[in-house]
Amino acid sequence: MESVTDLARHHGRPSAKFVLMVGLMAALPAVTTDMYLPSLPEVADDLDTTASLAQATITGVLIGGAVGQLITGPLSDRYGRRRPVLIGIALHVVASLLCIVTPGILPLLALRVIQGVGNAAATVTAMAVIRDRYSGSTAAAILSRLMLVIGLGPMLAPTAGSFIAGLAGWRAVFAVLALIGVALAVLIWFRLPESLPPERRRTDGVGGAMKSYGVLLRDREFMALTLLPGLGLGALMSYVAGSPFVLQGGYGLSETEFALLFALNGVGLVLGTQVNASLVRRFAPLHIIRVAVPIALVLAVVLLVVTSRDLGGLIGLLVPLWLLLTVNSVVPPNASALALSRHGERAGSAAALIGAMQAGVAGVVSPLVGLLGEDAFAMATVILAVVALAFVVVVVGTPAYRRTGRAG
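This section reports on the structure supplied with the text.

Conventions adopted
Residues numbered from 1 in each chain as written. Predicted model: local features only at pLDDT ≥ 70, side-chain atom pairs only at ≥ 80, totals over all residues. Heavy atoms only, no water. Core = buried A, V, L, I, M, F, W, Y, C linked by side-chain atoms within 4.5 Å. Buried < 20%, exposed > 50% of the residue type's maximum accessible area, 1.4 Å probe, protein only. Helix = DSSP H or I, 4+ residues; strand = E, 2+ residues; numbered from the N terminus. Contact = heavy atoms within 4.5 Å. Expected span 1.5 Å × (residues − 1). Phe/Tyr/Trp six-rings, centres within 6.5 Å; stacked < 30°, edge-to-face > 60°. Salt bridge = Lys/Arg side-chain N within 4 Å of Asp/Glu carboxyl O.

A general tendency of soluble globular proteins is for nonpolar side chains to be buried together. Met25, Leu108, Tyr239 and Ile383 are the most contacted members of the largest nonpolar core, which totals 117 residues. Examining the composition of this core, we find that 14 residues originate from one element, helix α11 (residues 220-250), more than from any other. Ignoring anything within four residues of it in the chain, the contact list for leucine 108 reads Tyr36, Val43, Leu47, Thr57, Cys99, Thr102, Trp170 and Phe174.

Below is the structure:
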């Protein structure tokens, strides 16, 4: 295992092992969500509840993640990166085990919130460790490479979840999630060195943590950049939460067919982020955002038109949706890297606020698909609204379109 001294000196090209490890940490919330997705209709039937309440168990993970990240961020700045993440993953494991025996939808919803709180520690720590070691375009490139690992979630997790649920029921999915948590904790214990030495840790307690958040909240550009990943995830989660009902209910796909199409869209996410990792070597992250967000807006309009008139059936839906998800995936890593670079001295709190904004915005947005009708048009409407808001944030809150603005 690398020593702290060695780790502090690593500011060059990140190793594949490092990217894989932090990618697995950051992927835990996505896997927790995506492996469970194909089971949503079965959960609604088995627990005798509505589709909206079943979807709320997805929202619960996001809301829990938002709260958990706000708690974990300052703790990681105070106590280092390792202890908070190990405690959080332990919470994830316990919540997963209790989900196996939950008697109804309300206990399941509460446990999913707790699961989200635990997952948050892995996400915050992954981003903070990256900021401890890298910044700027290098950090943006690493965050994009991270998506190669995170992208395996939508590519593989629904298929695995569908297989597990078909073999042993939806509750067995949570047994596997518990095992994943145990395996990740073991990996972190042995392979993740502490990246925040004692002399760089904050010592001003809860008051200092609140002061850190105050500084961050008063930074207008930081908050705009922080909101962009949240809106990006909001668009993605509108698709994630609505897709089981749109594709399985509206288009009659089986669980296996749904999982395969979900994986295909996962390929788009991975492709977009890997292209971005190459682009940041030639273009400033803010320049990439300036181009990507308007393209995503145009594609969102096309998606709404296609779904409103049912043009082209399932293929007509999937083509603009795939392109939109691909382009949309470029924005979060660039915006996150730019936001983190503004406050390296409070990386844990900054990463927590970015993650909390992501989970919070996505948690608020994703149930809207169910409330508006659980169909393709409702999904497209919510996605367009979120992408349009992202465009406004870029124009108003960042120097992307200002001649006097920084390149980023």
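Read on, since the account is not over.
This next bit is on helix α5 (residues 82-100). Along its 19 residues, α5 runs 28 Å from first to last C-alpha, staying within 8% of the 27 Å computed at 1.5 Å per residue. When we look at burial in α5, the residues that qualify are Arg82, Pro84, Val85, Leu86, Gly88, Ile89, His92, Val93, Ala95, Ser96 and Cys99. Summarising the contacts, the buried residues of α5 are in contact with α2 (16-34), α4 (51-79), α6 (105-133) and α9 (171-191).

A word on the packing of aromatic side chains. Using the criterion set out here, one finds three aromatic pairs in the structure. Here the aromatic rings of tyrosine 36 and phenylalanine 174 are separated by 5.4 Å at their centres, their planes lie at 50°, and the arrangement is tilted. Separated by 138 residues along the polypeptide, tyrosine 36 in the loop between α2 and α3 (40-46) and phenylalanine 174 in helix α9 bring together distant segments of the chain. You can call tyrosine 36 buried: its relative accessible area is 0%.

Time to look at the pattern of salt bridges. In the structure shown here, the tally under the stated rule is four salt bridges. Among the salt bridges present, the one from aspartate 132 reaches arginine 81, with a minimum N-O distance of 2.9 Å. Remark: arginine 81 occurs in the loop between α4 and α5 and aspartate 132 occurs in helix α6; sequence separation between them is 51 residues. When sorted by exposure, aspartate 132 lands in the same class as arginine 81, which is buried. Put simply, glutamate 221 and arginine 342 hold a salt bridge, and the shortest N to O gap is 3.5 Å.

This part takes up the side chain of glutamine 69. In this structure, glutamine 69 sits in helix α4. Under the relative-accessibility criterion, glutamine 69 is labelled buried at 5%. In this structure, glutamine 69 is in contact with Pro74, Ala120, Thr123, Val124, Tyr213, Ala351, Ala352, Gly355, Ala356 and Ala359, ignoring residues within four places of it in sequence.

A few words on unusual backbone geometry. Of note in this structure, aspartate 48 is not a glycine but carries a positive phi near 55°. Note on placement: aspartate 48 falls in the loop between α3 and α4. Classification of aspartate 48 by relative accessible area gives exposed; the value is 71%.

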